[in-house]
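# A look at the structure
Each chain, written out:
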Amino acid sequence: MEKIKPQIEESWLEALKAEFQQPYFAAIKQFLLNEKKKGTTVYPPGPLIFNAFNRTPFDKVKVVILGQDPYHGPGQAHGLCFSVADGVKTPPSLRNIYKELNKDIGMEIPKSGNLEKWADQGVFLLNAMLTVQANRAASHQKIGWQTFTDAAIRKLSEEREGLVFMLWGNFAKKKAALIDKNKHHILASGHPSPLSSRYFFGCKHFSKANEILKEQGKEPIDWSL
């Protein structure tokens, strides 16, 4: 079988090397190539599919925030969950995340929805699905991405210690089964979307995460943007 070497940061390439040689991963690649040939618009753009991995190397991860699906509107998705590129209107879930940050740590509500600053400090902003068809939410839910992203979560659980996993909403909470609770910290709440934000507000996950990091002698996250 042809060896697949995706454009992904070296430490993740090493950590997930077994996944890249699995038939399911070759099938994902083929599916995306076929979509391109058909002229189907897929988000995020190819070079940004592994943006979360490239911005936050395996050994630099401190906090994991799990999303579900990339944004499916033009120019929104750039490979980091909940984040949008500069100049793009802040989506409703992210607005609620900002509101909670304001109440939790007094952070001023930013004008930008770009969370790259978090990723660069060790916040792994992982979507369970890494691609989506334009204007069709959850359209790539069954092409194999969850097998890959579950493997990434499992690898972090097995090989790292003291990570803080933020699981927002029922979909993310199910991923707790992949995490060793004796080695890591799980913070769970409702999803920040307007439909369920009443179960998210007041979770204080951002200050709690920093307390956990400080207890381990790690540099806390500067959540301000």
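All of the points below concern the structure found in this document.

Definitions and limits used
Per chain, residues are indexed from 1 in the order of the written sequence. Side-chain atom pairs in this predicted model are given and counted only at pLDDT of 80 or more, local residue features only at pLDDT of at least 70, and totals for whole chains, interfaces and linings cover all residues. With hydrogens and water set aside, each side-chain value is computed from the structure's full complement of heavy atoms. Counting rule for disulfides: a pair of cysteine sulfur atoms within 2.5 Å. Each residue is placed in one exposure class: buried if its accessible area under a 1.4 Å probe, protein chains only, is under 20% of its type's maximum, exposed if it is over 50%, and partly exposed if it falls in between. Lines fitted to C-alpha atoms define the axes, with helix axes restricted to the stretch in contact, and inter-axis angles between N-to-C directions lie between 0 and 180 degrees. Numbering goes from the N terminus for both helices and strands, where a helix is a DSSP run of H or I of at least four residues and a strand is a run of E of at least two. With respect to orientation, any angle under 35 degrees is reported as roughly parallel, any angle over 145 as roughly antiparallel, any angle of 65 to 115 as roughly perpendicular, and every other angle as oblique. Residue contacts are defined here by distance: any two heavy atoms, one from each residue, within 4.5 Å place the two residues in contact. Following the grouping adopted for this structure description, the nonpolar residues are Ala, Val, Leu, Ile, Met, Phe, Trp, Tyr, Cys and Pro, the charged ones are Asp, Glu, Lys and Arg, and the polar ones are all others, Gly among them. Definition used for salt bridges: Asp or Glu carboxyl oxygen within 4 Å of a side-chain nitrogen of Lys or Arg.

## Structural notes on the state of the cysteines
Here the structure, examined in full by the defined rule, presents 0 disulfides. For Cys 81, which is in no disulfide, the shortest distance to another cysteine sulfur is to Cys 203 and amounts to 14 Å. Of the residues examined, Cys 81 reaches a relative accessible area of 1% and is grouped as buried. On the basis of relative accessibility, which here comes to 8%, the residue Cys 203 falls in the buried class.

## Remarks on the packing of helix α5 (residues 92-105) against helix α9 (residues 205-215)
Packing of α5 against α9 leaves a shortest axis separation of 8 Å and a crossing angle of 60 degrees. Between α5 and α9, the angle is such that the two are oblique. Within the contact between the two elements, α5 uses Ile 97, Glu 100, Leu 101, Asp 104 and Ile 105 and α9 uses His 205, Phe 206 and Ser 207. Partitioned by chemical class, the residues of the contact of α5 with α9 number 4 nonpolar, 2 polar and 2 charged.

## Describing the pattern of salt bridges
All chains considered together, the criterion is met by 7 salt bridges. The salt bridge involving Glu 159 is made with Lys 155; its shortest N-O contact spans 3.1 Å. Residue Glu 159 and its partner Lys 155 are both found in helix α7 (residues 145-159); the two are separated by 4 residues, about one turn of the helix. Overall, Glu 159 belongs to the partly exposed group, its relative accessible area being 46%. Taken together, the shared-partner salt bridges in this structure form one network comprising Arg 55, Glu 116 and Asp 120.

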